[in-house]
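Given next are the chains, with one letter for each unit.
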Amino acid sequence: GSRNKKTGWWDMMEGSAEAASPPSAEYEDDPLLVLKQFFPFRAYIEGAEHRAITLEQLTQVVSYAADSCSWWEDASPSSPTCGKLLSRDVLNFYHVNEFVTLPATQENDCSFVELLAEEPQEPSCFVSHWWGERILVFLECIEAYTRTKGFKENLSFWICAYANRQHSLTGDISKDRRESTFYRAMSIARTMLLVLDHQSAEAPFTGPATPFTRSWCAFEVYMMVLELHKPIDIVSCSEGMGQTITEGFTDSENKMESNNPGSGSRAKAVRESTFPIEVMRSGLEVDIEKTLATQEIDRVRILNSIACEKHLDDEPSESHENYDKVNRRLRAVFAVAMWPQAVQRPGTISTKKLALALAADEWRKHLVINFGLCTKLDDTNLAILAAGITKKLIHLELNFWMCQALGNPGLKALCKALPKNLEHLALNCQLCHKITAIGVDALGLCLPTKLVSFRLNFEMNSAIHSVLGLSKGIYNLASLRVLDLNFCGMDSIDDAQIAIFGESLASRKLLNLYLSLQGCHLLTGKGVQALTSKLPQVMTILHLNFRNCDRVDNDAVKALAANLPGMLKVLYVNLQECSQVEESSVAFFVQRLPPNLHGAKVKLIGTKVPEHIQRACRRLETMQAWIVEASLSAASNQHPEDMRRRTFSIVSEATSLQI
C-alpha cells in the first residue's frame, strides 16, 4: 500500500470531486484494496485505440506508483533490480505493470484507462517507448513535450501499457500488426512521439536510446511515419529536464513565423539546442532483425509481417530484402531529425554518416529540413547534404534562414543534386549574405523542368545584383503552377530585370504568383507595366508586394489595373510607402477588378490616398461599395466631405458585419 507521502499525491487528490479518501488503517495491510480504492472501475471502452490517457491521469498513476514502490520487491529474474526493494529512481513500466496495472485490472479484465475514464478518449499523440524507461523520467518527458507543443490539458496520449487489456491481449493485438489496435490508434493520432531513454548514474542499466533496439518501437515508427505519413517528434531527458525535437514548428513558433518571418526558426533552433543529440546516434544503426522484444513471439510476428509472410508464427528468415528496406528507411528518418543539431554541434554526430543514411533511402520522395539560424551550416555541410539527396525525390523544402556561412559553392552543390523529377522546391535563403548572382544563376541553370511549385526567398540579400539567370530558368518550367519569389531588399533589381522576368511568365499556365519586390527602389511604372502585361490570364491568385518602391506611381497602378487576369479569385497588392500613388489611380484600379474575385486587399498606408479610402481598400466588399458610392455622388454632385463620411460609414458597417 501507499504509506509514504513523497510526491504530494494526497495534496493532488485533495479537493477533487472524484478523489478517493486516504486509506483507513484497516486497509493498510491489504494493498489490493488500497489500489482499488484509488482506481475503481469506471466503464468498458470498446476498442483499445479509443483508450488514450491524459497527462493528468498519467500523473495520478505515476504518483501512486512512486509513493508505493518502496514496499515492492522486484522478483523478475531478468531485471537488474531482481530481489531488491524498488525505489522511485528505478521504477519502470515493467514494475508498474506488475504491481499496479495487472492487480488493478484483473477482476474486471479491463485496461487501466477503463479505471480512469468513463468515455472513449481519442489519441492525439501515439507514444512509442521502451517499458524499461524509468517512469518518473517518462512523465517528465511527456510533461516537457506538452509544454513545448502548447497542448491543452485534456490532450490524450496513446500508451499501450494503459490502453491494452493486459489480461487478454489477444483481444487487443491481432497477429497481423496492421490490423491491430496499435495500427488503428496510429491512424487516429495526429503525431508520433518517440521517447528515448538516456543513460545516467542513477540508472546505468537503461539507455541510451533503447527504443532503437526494440522490435515494437522500430516497427511502430516504420508504420506510423513511413506507411501512414504522420509527423514524428522525439523527446529525451537530460539533467532532469525533458527536451524535444519537433518535425516542423510548434503552434506558437508557427504564429511567430507568420507574424515575423524568421522568428519561429530562431525559437525552434534555440529550443532544440539543448536536446541531447548524442542519444540519437544509434538511430543510424537500426537493425530490425536484431531488435528484441519482451515476448519472443512478438519479434517473430513483426519480422514475418515485414517480410509479408502468410504464416506469422513461423520462424522468420534471418535476412530479407524487406528488412533491409525498413532499416534503410528508418535510419534516414532519424538522420533527418538530428541533422540541424548535428551540424550546429560539430563532433557529436558525423554529417557524412547522415548523408549516407539519407542516400540509402532510395524510396524517399519528400525531404523537409529546417536549418534556420544554423550558424555552422557552411558550403561544405551543404555539399554533404546534397550528396544524400536521392533521385526519386519529388518534394524538397530547405530552410537556410540566417545561415550566414552559406555561400555560392554550397548553393551550386545543392543545385547540381536536384533530381530531374522534382515537382516541389522551396528554398529559404533569407539573410544568407554570401550568396550572389553567381549562385542564383547556378540555381536558374539547374531548375528541374518538371517543377509544379517553386518557392524561393532571397529577402535582404543585397549582394545579389541580378536575377536574369533565374528568370531564364523559370522560362523553361512549362509545368509550373505556383511561383513564390521574395526579392525584398534586393535594391539592384530594376525595370530591365523585371521585364525579362515578366517574359518568363508569358504563355505559362501559372495559377498562383506571389512576388515581393519590397524596397526595390529602381523599380518604376515601366517595370510594373512590363511585368503585368505578361501575367497569364488563367491565374487565380496574385500577391504583389511593392512596399517602399518609391518610384512606383500612378502609371504603375493603372498598368496593373489594365492587365489583371480575368480569372483571378484572390488579389493582394501592397503599395505602402509608395508616396506617389494617388486616389485617382486607385479608383481606376478598383473599377477594373475582375468580376470573379472572391477576395481582395490593397494596402495604401504612406500613399497620397485619403485615409478613408485606405480603409475601404482593405476588403473587396468595401472597395466595391466605395466605387458605387463615388459614382452616385458624382452623378448627384454630392459634396466630397459628405462622400467621405458616407464611405467611412460603409466601411464601418461592413467591418461590423464581418466581426
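The structure under discussion appears in the preceding block.
Rules used throughout
- Residues numbered from 1 in each chain as written.
- Predicted model: local features only at pLDDT ≥ 70, side-chain atom pairs only at ≥ 80, totals over all residues.
- Heavy atoms only, no water.
- Buried < 20%, exposed > 50% of the residue type's maximum accessible area, 1.4 Å probe, protein only.
- Helix = DSSP H or I, 4+ residues; strand = E, 2+ residues; numbered from the N terminus.
- Pairing = 2+ DSSP bridges.
- Right-handed = clockwise from strand over helix to strand, strands pointing away.
- Contact = heavy atoms within 4.5 Å.
- Axes fitted to C-alpha atoms, helices over the stretch in contact; angles between N-to-C directions.
- Phe/Tyr/Trp six-rings, centres within 6.5 Å; stacked < 30°, edge-to-face > 60°.
- Parallel < 35°, antiparallel > 145°, perpendicular 65-115°, else oblique.
- Nonpolar A, V, L, I, M, F, W, Y, C, P; charged D, E, K, R; others polar.
- Disulfide = S-S within 2.5 Å.
- 1 Å grid on protein atoms, 1.4 Å probe; cavity = no way out; pocket = protein on both sides within 12 Å on 5 of 7 lines; lining within 4 Å.
- Points joined across faces, edges and corners; volume = space filled by probe spheres on them.

Please explain the pairing of strand 11 (residues 482-486) as it appears in this structure.
In regular strands, side chains alternate between the two faces of the sheet. Summarising burial for strand 11: four of the five residues are buried, a large majority. Two elements, strand 10 (residues 453-457) and strand 11, share five bridges in a ladder whose sense is parallel. Bridging across to strand 11, F454 finds its partner in L483. Of the crossover connections in this fold, the one passing from strand 10 over helix 17 (residues 468-475) to the parallel strand 11 is right-handed. Taken together, the five bridges between strand 11 and strand 12 (residues 512-516) define a ladder with parallel strand orientation. Directly across from D484, in strand 12, lies its bridge partner Y514.

Where do I start with the sheet that holds strand 5 (residues 232-238) in this structure?
In sheet architecture, strand pairing relies on hydrogen bonds along the backbone and comes in two forms, parallel and antiparallel. Strand order in the open sheet formed by six strands is 1-3-2-4-5-6, and the pairing between neighbours is mixed. Every interior strand has two partners, whereas the edge strands, strand 1 (53-54) and strand 6 (241-245), have only one. Examined bridge by bridge, strand 1 and strand 3 (residues 156-158) share two bridges and lie antiparallel to one another. Bridge pairing in strand 3 links T54 to S156. Taken strand by strand, helix 8 (residues 215-227) contacts strand 2 (125-128), strand 4 (191-196) and strand 5, and its axis lies near 155° from that of strand 4.

How should the packing of aromatic side chains be read in this particular structure?
Any two aromatic rings considered together are summarised by their centre-to-centre distance and by the angle between their planes. Counted under the stated rule, the structure contains 17 aromatic pairs. Arranged with centres 6.4 Å apart and planes meeting at 40°, the rings of F93 and W131 form a pair that is tilted. Separated by 38 residues along the polypeptide, F93 in helix 4 (residues 93-105) and W131 in the loop between strand 2 and helix 5 (135-149) bring together distant segments of the chain. W131 matches F93 in its accessibility class, with the two residues each being buried.

What am I meant to see in the packing of helix 16 (residues 437-446) against helix 17 here?
Remark: helix 16 packs on helix 17, axes separated minimally by 7 Å, with the N-to-C direction vectors making an angle of 10°. By the angle between their directions, the pair helix 16 and helix 17 is classed as roughly parallel. Along the contact surface, helix 16 presents V440, D441, L443 and G444, while helix 17 presents G469, L470 and G473. Considered class by class, the residues forming the contact of helix 16 with helix 17 number three nonpolar, three polar and one charged.

I'm lost on the state of the cysteines in this one. Help?
By definition, a disulfide links the sulfur atoms of two cysteine residues through a covalent bond. Scanning the model with the defined rule gives zero disulfides in all. With no disulfide partner, C374 has as its closest neighbouring cysteine sulfur the one in C403, 5.6 Å distant. On the basis of relative accessibility, which here comes to 3%, the residue C374 falls in the buried class.

Got a minute to help me understand the pairing of strand 6 in this structure?
Of all the five residues making up strand 6, four are buried; the element is thus mostly covered by neighbouring parts of the structure. When strand 5 meets strand 6, the two strands line up antiparallel, connected through five bridges. The partner of C237 across the bridge, within strand 6, is G242.

How do you make sense of empty space enclosed by the protein when you look at a structure like this?
A probe matching the size of a water molecule, rolled over the atoms, marks out where space remains unfilled. Enumeration according to the criterion identifies two cavities of 30 Å³ or more in this entry. The computed volume of the largest cavity comes to approximately 70 Å³. As for the largest cavity, its lining consists of V528, F546, V552, A556, V557, L560, V573, L575, V586, F589 and V602. Among the secondary structure elements, those contributing two or more residues to the lining of the largest cavity are helix 20 (554-562) and helix 21 (583-591). Per element, the largest residue contribution to the lining of the largest cavity is three residues, and it comes from helix 20. Lining the second largest cavity are L194, P211, F212, C217, A218, V221, V286, L330 and F334. Among the elements that take part in the lining of the second largest cavity, helix 8 stands out by supplying three residues, more than any other. Class assignment for the residues of the lining of the second largest cavity results in nine nonpolar, no polar and no charged.

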